[in-house]
Amino acid sequence: MTLDYRNPNDWGRSPLTDRALRLEQFKAENPEQWAAMISADIEALSTPIFESEDYPPFTGTEFLATHSTIDDHPYSAAFGQFLGNGIDADIANTLAFGSKRFDLISDDFDDPIRQLATRIYSRFEEMGYWDELPLEPSDIDYDLIPY
């Protein structure tokens, strides 16, 4: 069954359906603006993300789904500490790569999980953990890992 954006009986079925109907209506009434939006989206998607940008190359959930152990993670000690203390895998991954994105945990500064993550992050920072990537997992001094 195709939806007719002009038919009032098609509106209000669900938010997704309504959004699709609004887009179809906009596309029909403004073809030049629609074409400009589509070309802008294509251009944005074709722009490469440079390796110099500070984005983790994978998400924490993706990493856990594709690896049987966290030892293959480039920052496995930090990633493991954040995970072990109950932080979401994606947020733990972002923090493990040295990004101070505690706002992803909570906007509340008094949140105990956010405070714990801040303490763990500070200890790793004091150790110089992110100054350079360990070449081998054996280069990590596990006695200095904060618990």
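As a reminder, the structure under discussion sits directly above these lines.
Residues numbered from 1 in each chain as written. Predicted model: local features only at pLDDT ≥ 70, side-chain atom pairs only at ≥ 80, totals over all residues. Heavy atoms only, no water.

**Details of the pattern of salt bridges**
Proximity of charged atoms lets side chains of opposite charge pair with each other.
Okay, step 1: The tally for this structure, following the rule as stated, stands at two salt bridges.
Okay, step 2: The closest approach of N and O atoms between E125 and K100, which form a salt bridge, is 3.4 Å. Here E125, found in helix α6 (residues 112-127), pairs with K100, found in the loop between α5 (89-96) and α6; they are 25 residues apart in sequence, far enough to count as distant.
Okay, step 3: Using a relative accessible area of 39% as the deciding quantity, one classes E125 as partly exposed. (Salt bridge = Lys/Arg side-chain N within 4 Å of Asp/Glu carboxyl O. Helix = DSSP H or I, 4+ residues; strand = E, 2+ residues; numbered from the N terminus. Buried < 20%, exposed > 50% of the residue type's maximum accessible area, 1.4 Å probe, protein only.)

**Notes on the side chain of S106**
Okay, step 1: Here S106 is to be found in the loop between α5 and α6.
Okay, step 2: Looking at S106, the relative accessible area reads 14%, which means it is buried.
Okay, step 3: At a separation of 3.0 Å, a polar atom in the side chain of S106 contacts the main-chain amide nitrogen of D108.
Okay, step 4: When neighbours within four sequence positions are excluded, S106 is seen to be in contact with D111 and R114. (Polar contact = N/O pair within 3.5 Å; in protein donor to acceptor, adjacent residues only side chain to side chain. Contact = heavy atoms within 4.5 Å.)

**Looking at the nonpolar core**
For soluble globular proteins, the rule of thumb is that nonpolar side chains tend to be buried together.
Okay, step 1: Counting 19 residues, the largest nonpolar core has A78, F82, F124, Y129 and W130 as the members making the most contacts within it.
Okay, step 2: Those elements that place two or more of their residues in this core are α4 (76-84), α5 and α6. (Core = buried A, V, L, I, M, F, W, Y, C linked by side-chain atoms within 4.5 Å.)

Purely geometric stuff here, so don't read any function into it on its own.
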